[in-house]
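Chain residues, written in single-letter form:
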Amino acid sequence: MPGSGGAGRAATVPGGPPGAVRAAGAITLGVEEEFVLLDPSTGAAVLAGPELVQMLGGEPGVQQELMRFQVETGTTVCTSLDEAGRELIRLRRLAADAAASLGCRLVASGVAPYRTPGLAAITGQPRYRELARRYGPVVAQAGTCGCHVHVGVPSRDLGVQVLARLRPWLAPLLAVTANSPVAAGRDTGWASWRHVLWSRWPTATPPEAWPDAAAYDAAVRRLIGHGAALDERNVYFLARLSPRYPTVEVRVADVCLDAGAAVLAAGLTRALVATALAEARRGAPAAAPPARQVTAALAAAARHGMAGPGADPVTGQMGAAAALRGRLLDHVRPALRDLGDTETVTGLLGRLEDRGTGADRQRALFTSGLSTPAVITALARATLSGYEPGRQRAGARVRAAAGAR
């Protein structure tokens, strides 16, 4: 991952009594987000990423990406969701201002919604050129944009146990964050077209239930040795041990249309990791759905987002998306409470249910009859909205009070 912006730097978790979620209070997190640069008139991808990063040369949180029409931001190490939210808004605004000065717009979308130039857009770095040489057909359709959440773990062996416990919950995370329904100016029929494209990488798969870090490392070495990956950074498990930091890096989510949805993704991810750590420390067995079931649940989430049926993460049975979100929330509720994140996460989730996912909102814009410039303006504005630190808790309290009447 180029330019992580320190998302996982020095991320540690203090010890605690076995099985105690309360020890999760100090769990650190960081968020990496990838964005596209679009022409405000035509929506076409603009190859201004390297110039934008150079313009912000003193800002370590903004980096180049695989394609020149992309940029990546990475927060510092954060200990609270409000801190993460402030960082996300700061970096989005910083990159958006720089993009505007270059005559383009910064847009948070899992794929560029209009025309892209394929391999001609590769950033001129030797590693990226080697990726294009080895995996040209896949790279030609790359340039997708994700939201990667790093969560600190105390050891790599515990991190591998966390990965095993995350497997069933990757699909609900994708459903909540789906934000790429349009590509080449057309509705793809998917809520997350990014997931479809990303899955073409040979290593973009759910993690396995490895017994320990040694087994994980052996699996990574085999993939590199068989030519499925260029190096460790090119092993794109949907959740993995970070190659650079002492974190679990969850990579399944689309970049979120607004910052509030990104904070929601970060909060749910940290709570899932905290829950998994508590289960591992008390020796609770991990749910072990077969790989085909996990993959099918991910496909359902990518297809429908929150708007249609999904697959239960443990049983594999199809069910209503709202019921599956409820199951996710119930699973992480103790961790949310002990992290102090309950009001923020429930408030943001309620807001998302009211307004729809990024995919729902993008699709509404593209079918509204608005002109292309108006659509791009709306997407760019949404990219800079959605989170006001400190106010999310108040909103959640109001919602809870209204529901109690």
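Residues numbered from 1 in each chain as written. Predicted model: local features only at pLDDT ≥ 70, side-chain atom pairs only at ≥ 80, totals over all residues. Heavy atoms only, no water.

Our next topic: the nonpolar core. By size, the foremost hydrophobic cluster in this structure holds 121 residues, and its most contacted members are Val139 and Leu166. The element contributing the most residues to this core is helix 9 (residues 259-281), with 15 residues. Contact partners of Leu166, with chain neighbours within four places excluded, come to Ala239, Val248, Val250, Leu272 and Val273. (Core = buried A, V, L, I, M, F, W, Y, C linked by side-chain atoms within 4.5 Å. Buried < 20%, exposed > 50% of the residue type's maximum accessible area, 1.4 Å probe, protein only. Helix = DSSP H or I, 4+ residues; strand = E, 2+ residues; numbered from the N terminus. Contact = heavy atoms within 4.5 Å.)

Now for the environment of Ala96. Among the structural elements, Ala96 can be located in helix 2 (residues 81-101). Sequence separation between Ala96 and Gly326 is 230 residues; the distance between their C-alpha atoms is 35 Å. Those residues in contact with Ala96, other than ones at most four positions away along the chain, are Leu106 and Leu384.

A few words on the packing of helix 5 (residues 156-166) against helix 8 (residues 213-225). Relative placement of two packed helices is described by the angle separating their axes and the distance separating the axes. The N-to-C vectors of helix 5 and helix 8 enclose an angle of 75°; their axes lie 8 Å apart at closest approach. Viewed along their axes, helix 5 and helix 8 adopt a mutual orientation that is roughly perpendicular. On the side of helix 5, the interface is formed by Arg156, Asp157, Val160 and Leu163, while helix 8 contributes Ala213, Tyr216 and Asp217. Partitioned by chemical class, the residues of the contact of helix 5 with helix 8 number 4 nonpolar, no polar and 3 charged. (Axes fitted to C-alpha atoms, helices over the stretch in contact; angles between N-to-C directions. Parallel < 35°, antiparallel > 145°, perpendicular 65-115°, else oblique. Nonpolar A, V, L, I, M, F, W, Y, C, P; charged D, E, K, R; others polar.)

Here helix 8 contains 13 residues, and its C-alpha end-to-end distance of 18 Å stays within 8% of the 18 Å for a straight helix at 1.5 Å per residue. Residues Ala213, Tyr216, Ala219 and Val220 constitute the buried set of helix 8. Taken around the axis of helix 8, the buried residues stretch over an arc of 120°, which confines them to a single face. Opposite the buried face of helix 8, at more than 90 degrees from it, the exposed residues are Ala214, Arg221 and Gly225. (Expected span 1.5 Å × (residues − 1). Arc of directions from axis to C-beta.)

The side chains of a regular strand alternate, first on one face of the sheet and then on the other. Counting buried residues in strand 9 (residues 247-254) gives 8 out of 8 residues, a clear majority hidden from the surface. Where strand 5 (residues 146-152) and strand 9 come together, 6 bridges link them in antiparallel fashion. For Val151, the partnering residue across the bridge sits in strand 9 and is Val248. Of the pairings in the sheet, the one linking strand 8 (residues 239-241) to strand 9 comprises 3 bridges and is antiparallel in character. Note on strand 9: the bridge partner recorded for Leu241 is Val248. Between strand 8 and strand 9, which follow one another and run antiparallel, lie 5 residues. (Pairing = 2+ DSSP bridges.)

It is worth spelling out the state of the cysteines at this point. All chains considered together, the criterion is met by 0 disulfides. With no disulfide of its own, Cys147 lies closest to Cys256 among cysteine sulfurs, the gap being 4.9 Å. (Disulfide = S-S within 2.5 Å.)

Now for the pattern of salt bridges. Under the defined criterion, the tally for this structure stands at 19 salt bridges. Among the ionic pairs, Arg165 bridges to Glu279, the shortest N-O distance being 3.4 Å. With Arg165 in helix 5 and Glu279 in helix 9, the pair connects residues that are 114 residues apart, well separated along the chain. Judged by relative accessible area, Arg165 falls into the buried class, the value being 11%. The partner of Asp258 in a salt bridge is Arg351, and the shortest N-O contact between them spans 3.4 Å. Taken together, the residues Asp258 in the loop between strand 9 and helix 9 and Arg351 in helix 12 (residues 342-355) connect sequence positions 93 residues apart. There is no split in this pair, since Asp258 and Arg351 are both buried. The network of salt bridges with common partners includes Glu59, Glu87 and Arg90. (Salt bridge = Lys/Arg side-chain N within 4 Å of Asp/Glu carboxyl O.)

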